[in-house]
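# Examining the three-dimensional arrangement
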Amino acid sequence: MGDDTSHLFQKAAEYLARGDQERIAYIRSPRWIGYPRAQKVLKQLETLLSYPASHRMPNLLIVGDTNNGKTMLVKRFCGQHKPQDNPTGEAAVVPVLFLQAPPVPDEGRFYNAILERLFAPYKSGDRADRKQFQAIKLLREVGLKMLIIDEIHHVLAGSMAKQKAFLNVIKYLGNELEVPIVGVGTRDAFRAIQTDPQLSNRFDHALLPRWANDDDFLRLLATFERVLPLRYPSVLIDGSLADKIYSMSEGYLGEISRLLVDAAVAAVESGQERIDKRVLDSIDWVPPSERRKEPRE
Ligand SMILES: Nc1ncnc2c1ncn2[C@@H]1O[C@H](COP(=O)(O)OP(=O)(O)OP(=O)(O)O)[C@@H](O)[C@H]1O
Ligand SMILES: [Mg+2]
């Protein structure tokens, strides 16, 4: 009578005994699901991190569709390589620095972002080369082993001259610090890097493309089912249900996640306790491609 929890991971099953509000909060809380492509990229990052320092470090560009798990993946990696306070030395040890590129290709602001991540005081009015000097000095002091730049397409946007200037910044940082640089962004970043043969040579690519409606997708659905604490099995991998989830989400991981979370919440609130077509139809859902078309007021 609904006591069978074999369709859930143990942690999720424990939430069946809690109140609905607590269960819904758990359903909505962020979670990491390991899928084969993500595991592969995480492994690539590990390999890069242990690469011996040289004047010619390999770099990695993680390219993917929007809302598809790029940032979450690199943040997961950062979580596995957290900064450590150094009780004996002066500076903390920061093996991996995660940085969000400023929204515009501006060297000064790029270095501001680095200095802010390191909690270093700086004068925003200082010239870019001064900030560059300060940033490099500090990054050496914290023993940096990898620099991750998210939204890298932002700084590689703009005129050819701007693009070129930033490609030089990246080259310079890599050469000076002898650490691999990991860029994360859209295909525009890929195209920008291709314009510099010397740099494109040193960048491997990892792709996080939109999901296809294939076996990996079914495995992903099966995992979601096991982490969402509902009393009855939904059998999301059932052909027609899986097809419906695929077409509603259009294969973006962020959409798949949001759709299933919303549906699970609706299934708790309605007492249905499983995700089926009716539940999926009951939630307000505008497909992502439609959402992008909607005029903003
Ligand atoms: N490994 C994962 N397990 C579970 N959910 C995930 C995972 N990766 C991503 N998601 C879901 O997808 C959403 C979008 O992920 P993320 O922000 O990493 O995308 P992105 O590719 O960086 O998007 P953007 O191009 O907009 O920056 C997350 O908020 C989360 O809900
Ligand atoms: Mg992102």
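Below is a short write-up of the structure. (Residues numbered from 1 in each chain as written. Chains lettered and ligands numbered in written order. Predicted model: local features only at pLDDT ≥ 70, side-chain atom pairs only at ≥ 80, totals over all residues. Heavy atoms only, no water.)

## Focus: the environment of Phe224
Residue position: Phe224 is located in helix α11 (residues 215–227). A sequence separation of 191 residues divides Phe224 from Ile33, and the C-alpha atoms of the two residues are 7.9 Å apart. When residues no more than four places from it in sequence are discounted, the contact partners of Phe224 are Ile33, Leu253, Ile256, Ser257 and Leu260. (Helix = DSSP H or I, 4+ residues; strand = E, 2+ residues; numbered from the N terminus. Contact = heavy atoms within 4.5 Å.)

## Observations concerning the site of ligand 1
Surrounding ligand 1, one finds 16 residues, the nearest of these being Ile33, Asn67, Lys70, Thr71 and Met72. In this structure, Ile33 approaches ligand 1 through a main-chain N or O atom, which is 2.8 Å from a nitrogen atom. The separation between an oxygen atom of ligand 1 and a polar side-chain atom of Thr66 is 3.0 Å. Within the complex, 77% of the 640 Å² of free accessible area of ligand 1 lies under protein. Taken together, the residues of the shell around ligand 1 sort by class into 5 nonpolar, 7 polar and 4 charged. When residues of the shell around ligand 1 are assigned to domains, at least three fall in each of domain 1 (10–30 + 211–285) and domain 2 (36–208). (Near = heavy atom within 4 Å. Polar contact = N/O pair within 3.5 Å; in protein donor to acceptor, adjacent residues only side chain to side chain. Areas by Shrake-Rupley, 256 points an atom, 1.4 Å probe, with all protein chains shown as cover. Nonpolar A, V, L, I, M, F, W, Y, C, P; charged D, E, K, R; others polar. Domains from an automatic or database assignment.)

## A look at the packing of aromatic side chains
The tally for this structure, following the rule as stated, stands at 6 aromatic pairs. Ring geometry for Phe110 versus Tyr111: centroids 5.7 Å apart, planes at 70°, classification edge-to-face. Taking relative accessible area as the criterion, Tyr111 reaches 0% and is therefore assigned buried. Seen from their ring centres, Phe110 and Phe166 are 5.3 Å apart, and the 90° between their planes marks the pair as edge-to-face. Here Phe110 is found in helix α5 (residues 107–117), whereas its partner Phe166 is found in helix α8 (residues 160–177), with 56 residues between them in sequence. Look at Phe166 and you get buried, because its relative accessible area is 2%. An aromatic cluster is defined as three or more aromatic residues linked by ring pairs; in this entry it consists of Trp32, Tyr35 and Trp211. For the cation-ring pair, Arg18 lies above Tyr15, with the distance from its terminal atom to the ring centre recorded as 4.4 Å. Geometry around Tyr26 places Arg31 over its ring, the cationic atom sitting 5.8 Å from the centre. (Phe/Tyr/Trp six-rings, centres within 6.5 Å; stacked < 30°, edge-to-face > 60°. Buried < 20%, exposed > 50% of the residue type's maximum accessible area, 1.4 Å probe, protein only. Lys NZ or Arg CZ within 6 Å of the ring centre and 35° of its normal.)

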